[in-house]
Amino acid sequence: MKKRLISTSIALLAGTIVLPSFAQLEEVIVTAQKREQSLADVPVSITAITRDTIETLGIANAQDIGALTPNLQIADTPGNSNGLTVNIRGSVTINPALTLEATVGLYVDGVYVGKNTGGIFDVMDLERVEVLRGPQGTLYGKNTLGGAINFVSRRPSEELSGDIKVGAGELSRRAVRIRADIPISDSIRTSFGYAQEKRDGVVKNIDFSDEITEANPPSTADFGNIDKQSFRFAIDADLSDSLNAYYSYDSFETDQNPRFFQMTRIVPVPGLTDGIIGWDSPNRFDEGSLDGAGDDDVEVSGHALTVTYTTDDFTIKSITGSRSIETRDTLDWDATPFHLLQTSRDVEYDSFSQELQFLRSSDNLNYVAGIYYFTEDGRTINPLDLPLYGSPLLDTEYGLDNTSWAVFTQVDYTPESMSDLTVTLGARYSEEDKEVYRSFGIPAFGLTVLDNFKPAKESYDNFSPSIALNYAVSDELNVYGRIARGWKAGVFNAESNNPVELSTPLNEETVTSYEAGFKYRSASGNLTLNGAVFMKDVEDMQISRFNQQEAASVFSNAGAATITGAEIEFAYALAETTTFGVNVGILDAEYDEYIDECRLDANFANPCPAGVAPGELFDAKNVNSFPYTPELTYNAFLQHGMQLAGGTLTARLDYAYTDDFSIFPDPYNTVNTNIDSYGLLNARLNWEGEIGSQDVRIGVWSKNLTDEEYRMNGIEWGLLTTMQYGDPELWGVDVTVSF
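Notes on the structure in this doc start here. (Residues numbered from 1 in each chain as written. Predicted model: local features only at pLDDT ≥ 70, side-chain atom pairs only at ≥ 80, totals over all residues. Heavy atoms only, no water.)

A word on the overall build of the chain
Alright, step 1. Scanning the chain from N- to C-terminus turns up three helices and 40 strands.
Alright, step 2. Against the compact-globule benchmark of 27 Å for 739 residues, the chain has a radius of gyration of 26 Å, which places it among compact chains.
Alright, step 3. Looking at the 739 residues of the chain, the share that counts as buried comes to 59%.
Alright, step 4. In the chain, the share of contacts with a sequence separation of at least 24, taken over all contacts with a separation of at least 6, comes to 68%.
Alright, step 5. Total accessible area on the chain stands at roughly 27800 Å², and carbon and sulfur atoms take up 54% of it.
Alright, step 6. When the 52 basic and 109 acidic side-chain charges of the chain are each reduced to a single mean position, those positions are 5 Å apart. (Helix = DSSP H or I, 4+ residues; strand = E, 2+ residues; numbered from the N terminus. Rg over C-alpha atoms; globule rule 2.2 N^0.38 Å. Buried < 20%, exposed > 50% of the residue type's maximum accessible area, 1.4 Å probe, protein only. Contact = heavy atoms within 4.5 Å. Areas by Shrake-Rupley, 256 points an atom, 1.4 Å probe, with all protein chains shown as cover. Lys, Arg positive; Asp, Glu negative; His and termini not counted. Charge placed at Lys NZ, Arg CZ, Asp CG, Glu CD.)

Structure, rendered in structure tokens:
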């Protein structure tokens, strides 16, 4: 058994900090630039979360990563947990509609995850997670204006090994995970993993139908439960001394209920809202009553094949991938047992990608060149049932069929006369063809307004260059500067029932980023301090706001915006057994121009400047907000280890603070749905040692130790406001036996 006093790895900012055995701070090797490099040599702001951190902290999904990374926000999409709302440095897409594009790219073993719908999956059997901040348009291409997140899986071991993990906890939590590495021969290695977790909901669904005549029976037993399972298989084969093939398959599925939508505000309207007065409260509920919510299900699967041919002079790599997503959610937005605001959504989505890379290295020159192809298609069926607004049941369906390709290159050059300086130049040219369709009808009238309406087609092209300088001031300190561009193509509003809006796409969005940073690691290896400052110029920022009457979004381009900010990440080993760290993210996001229509907010106040009446167009740059963009976020941790009972006991506290922020851009949707600032305290005790001849890890943990009440997202309906809250304090126990 390997005895460890500190069993945590935290990789921080551009220089990545790792806290492994005996609390020494080490660098990790990443593939952020398509080849293996030490993070000290990469002129990009990166946080790398290693396998040891994932295991020690019990990271279970992509959302858990957000608290460890400055200027990264990850939350459920408003209305369901089937997708991710991901914001890096103020760049975010808040609507999970298939026809919209993400601003942060997600990658699994180099394969692009095309949509944030179905994006929440178990991050089991990972080697590390790399969070790249800032535009990554050169090497990663479209939809990486904010950055990219790489999920890098662990390759199968050459030895027969594995572990079994079981867990229990509050709300009848029970979990199991099995992983095994099974070598077939010296040249063929395999691995598989299976995980399942179940837990009761955090909000009980109460039956009021016996007490209130108009109330309907509850649609489900509770809300915010967990019922998920995942599977992964991989085979790593050395086909010859120079040829390797690595194939992996992963799947993830849930059979859950959505989070509870709680009414936090109601407008008294005689004869219309009389029956629901008193159902609102600003405090988090642990029970409620909904009659129309019941599904929050997802099935995600993916295949990835990486074939690598290596010689002494060059490497050729092929990455082939496909991913499939199916989701279903049924939502009750009115937060009551009455039939007022209910929707459902069924999504099917498939994507395929192929990338071919050519890499070569010499003493002072490294370069990568490649070609990339991507295709995707999908459809959404989205019935809307909104009797609160006097609307009949609406049948809606829309879909997409997109194809894109790109060529790219990046060169790192170190002049012989200046061996401490590395100059990086890169460029990417992309083309994309898009097509959408829309069907819309009113079943009660036997009416189909749009029947496979297909006039919406458009083509785009883009050139994204980058330049960076990295200078080694000393063995301990590197400084760098970087200018980079990112883009995402124009999008169609397939949620619109207006043929003109449907067939008129938004402009493409582009970002130019200017960044400077440093990475310091002390000679003794016990202190790491990394930092970055940046400024982003955004053109034609794609924005969506919610339209209550149609339960759909209205899309527009904000003319221009400027986002500035900074990140600091610090870790210090106070002693061999004690480590302390702090990460800080600061953002200042301002619109330079945002032509919008003046509208009263949901409280009937006029937020527009004096002299601007409702219905008039004006520059809303000082009125509208940046969604999911808190000005300040920080995380602090303290960890201490000691010998106990023949093993090592490690105690850790983590505190993560998030400043207040808006979840929509416009005052109408923002005035009652703003997220107040909050802080979450997590605690964990791990014991590692031998029991008999087996290596054992026992973990006892509590999340949200102080039972903080905080909101995650919500929807403004005009007459009422409904919000979703984060989980209360929860505890659990996990036991892992390795073999």
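Once you've had a look at it, read on.
Remarks on the packing of aromatic side chains
Alright, step 1. Under the criterion given, the structure shown has 23 aromatic pairs.
Alright, step 2. Ring geometry for Tyr 591 and Tyr 594: centres 4.9 Å apart, planes at 65°, overall edge-to-face. When sorted by exposure, Tyr 591 lands in the same class as Tyr 594, which is buried.
Alright, step 3. Above the ring of Phe 534, the side-chain terminus of Arg 89 is found at 4.0 Å from the ring centroid.
Alright, step 4. It is Arg 155 that lies over the ring of Tyr 246; its NZ or CZ is 4.0 Å from the centre. (Phe/Tyr/Trp six-rings, centres within 6.5 Å; stacked < 30°, edge-to-face > 60°. Lys NZ or Arg CZ within 6 Å of the ring centre and 35° of its normal.)

Some points on the sheet that holds strand S7 (residues 111-113)
Alright, step 1. With respect to topology, five strands assemble into an open sheet ordered S3-S8-S9-S6-S7, the strand pairing being mixed. The two strands at the open ends of the sheet, each matched to only one other strand, are strand S3 (45-50) and S7. When strand polarity is set aside, the average angle formed by the axes of neighbouring strands in this sheet is 20°.
Alright, step 2. The pairing of strand S6 (residues 104-108) with strand S9 (residues 147-153) spans five bridges and is parallel. Considered in S9, the bridge of Leu 106 is made with Ile 149. (Pairing = 2+ DSSP bridges. Axes fitted to C-alpha atoms, helices over the stretch in contact; angles between N-to-C directions.)

Regarding a negative patch on the surface
Alright, step 1. A cluster of acidic residues, Glu 539, Asp 588, Glu 590, Asp 592, Glu 593, Asp 619, Glu 631, Asp 660 and Asp 676, forms a negative patch on the protein surface.
Alright, step 2. Considering each element in turn, the negative patch owes the most residues, four residues, to strand S31 (residues 578-593).
Alright, step 3. Examined against the element boundaries, Asp 592 turns out to sit in strand S31. (Patch = residues over 30% accessible without salt bridge, like charges linked within 9 Å, V, L, I, M, F, W, Y side chains within 5 Å. Salt bridge = Lys/Arg side-chain N within 4 Å of Asp/Glu carboxyl O.)

Focus on the pattern of salt bridges
Pairing between side chains of opposite charge can happen when their charged atoms approach one another.
Alright, step 1. Counted by the stated rule, this structure contains 44 salt bridges.
Alright, step 2. Between Asp 412 and Arg 35 there is a salt bridge; the shortest N-O distance is 2.3 Å. Residue Asp 412 is located in strand S24 (residues 395-413), and its partner Arg 35 is located in the loop between strand S1 (29-30) and strand S2 (37-38); the two are separated by 377 residues in the primary sequence.
Alright, step 3. According to the relative accessible area criterion, Arg 35 is buried, its value standing at 18%.

Remarks on the sheet that holds strand S39 (residues 720-725)
Alright, step 1. Read across the sheet, three strands follow the order S17-S39-S38 without closing on themselves; strand pairing throughout is antiparallel. The outermost strands of the open sheet, each flanked by one partner alone, are strand S17 (262-266) and strand S38 (711-716). Between one strand and the next, the sheet's axes are offset by a mean angle of 25°, whatever the strand orientation.

Examining the side chain of Glu 376
Alright, step 1. Note that Glu 376 resides in strand S22 (residues 365-381).
Alright, step 2. Aside from chain neighbours lying at most four places away, what touches Glu 376 is Glu 101, Lys 115, Lys 142, Tyr 349, Asp 350, Ser 351, Leu 400, Asp 401 and Asn 402.

Remarks on the state of the cysteines
Alright, step 1. Applying the stated criterion across every chain, the model contains one disulfide.
Alright, step 2. Shown here is the disulfide that connects Cys 598 with Cys 608, its sulfur atoms set 2.0 Å apart. Disulfide Cys 598-Cys 608: torsion about the S-S bond near 110°, hence right-handed. Linking Cys 598 in the loop between strand S32 (595-597) and strand S33 (617-619) with Cys 608 in the loop between S32 and S33, this pair joins segments that are 10 residues apart in sequence.
Alright, step 3. Cys 598 sits in the buried class, given a relative accessible area of 1%. (Disulfide = S-S within 2.5 Å.)

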